[in-house]
Amino acid sequence: REMVRNRFRNYVIITHGLTMRCLCMYYFKWSVEEFSRVKNPDNCDIWVLERGADFKYRLASQPKMINESLMPAHMTKYDDRHHTTHIDAPPPAHAP
C-alpha cells in the first residue's frame, strides 16, 4: 500500500511464489480459504499488478486456482470495504 505514496511508476518484485501469494493475500484481503485455493506460481511466472487511475492496484494477470480454473474477479481487485487501517480500527477493549 505504500507504493501509492512513492513517485515511481513501475516496480519489479522478484520473489518466490509463496511470498507473492502472501503479498496478494495481504493487499487484496483474501481469506485463508481463498489463499489456499490459489495455485503457487510456476518457476519464472509473472504476475502483473496494474495501478488504476484511482491509485489502487488490480491483478492484471490471471493466476490459476488449484483446480486449474481462473481466479474469480473479486479476488483480483482492491476493495475499500474490506480494508481497515490501524487508524480506522476500533480501539482495543481495556481489561477491568
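Higher on the page you've got the structure.
Residues numbered from 1 in each chain as written. Predicted model: local features only at pLDDT ≥ 70, side-chain atom pairs only at ≥ 80, totals over all residues. Heavy atoms only, no water.

## A word on the overall build of the protein chain
Moving on, step 1. In terms of regular secondary structure, the protein chain is built from 2 helices and 2 strands.
Moving on, step 2. N-terminal to C-terminal, the α/β element order of the protein chain is α-α-β-β.
Moving on, step 3. Counting every position in the protein chain, which comprises 96 residues, the buried fraction comes to 22%.
Moving on, step 4. Of the contacts formed within the protein chain by residues at least 6 apart in sequence, a portion of 48% connects residues at least 24 apart.
Moving on, step 5. Carbon and sulfur atoms form 57% of the exposed surface of the protein chain, whose accessible area is close to 7,600 Å². (Helix = DSSP H or I, 4+ residues; strand = E, 2+ residues; numbered from the N terminus. Buried < 20%, exposed > 50% of the residue type's maximum accessible area, 1.4 Å probe, protein only. Contact = heavy atoms within 4.5 Å. Areas by Shrake-Rupley, 256 points an atom, 1.4 Å probe, with all protein chains shown as cover.)

## Considering the nonpolar core
Moving on, step 1. Core analysis: the largest hydrophobic core is formed by 13 residues, its most contacted members being C24, W30, V38, L59 and M71.
Moving on, step 2. Of all the secondary-structure elements, those providing two or more residues to this core are α1 (17–28) and β2 (57–59).
Moving on, step 3. Considering every element that reaches this core, the biggest residue donor is α1, with 4 residues.
Moving on, step 4. In this structure C24 touches K29, W30, W47 and L59, once residues within four positions along its chain are discounted. (Core = buried A, V, L, I, M, F, W, Y, C linked by side-chain atoms within 4.5 Å.)

## Things to note about unusual backbone geometry
Moving on, step 1. Although it is not a glycine, C44 adopts a positive phi angle of roughly 60°.
Moving on, step 2. Tracing the backbone shows C44 in the loop between α2 (32–37) and β1 (49–51).
Moving on, step 3. Not every positive phi belongs to a glycine, and F55 is a case in point at roughly 65°.
Moving on, step 4. Structurally, F55 is set in the loop between β1 and β2.

## Remarks on the pattern of salt bridges
Pairs can form between side chains of opposite charge once their charged atoms are near each other.
Moving on, step 1. What the rule picks out here adds up to 2 salt bridges.
Moving on, step 2. Salt-bridge contacts for E33 lead to R37; the nearest nitrogen and oxygen are separated by 3.9 Å. You can see E33 and its partner R37 sitting in helix α2, 4 residues apart, about one turn around the helix.
Moving on, step 3. For R37, a relative accessible area of 34% puts it in the partly exposed group.
Moving on, step 4. Measuring nitrogen to oxygen at the nearest pair gives 3.0 Å for the salt bridge that ties E50 to R58.
Moving on, step 5. Exposure remark for E50: the relative accessible area of 37% places this residue in the partly exposed category. (Salt bridge = Lys/Arg side-chain N within 4 Å of Asp/Glu carboxyl O.)

Geometric descriptors of this kind do not, in isolation, establish any biological role.
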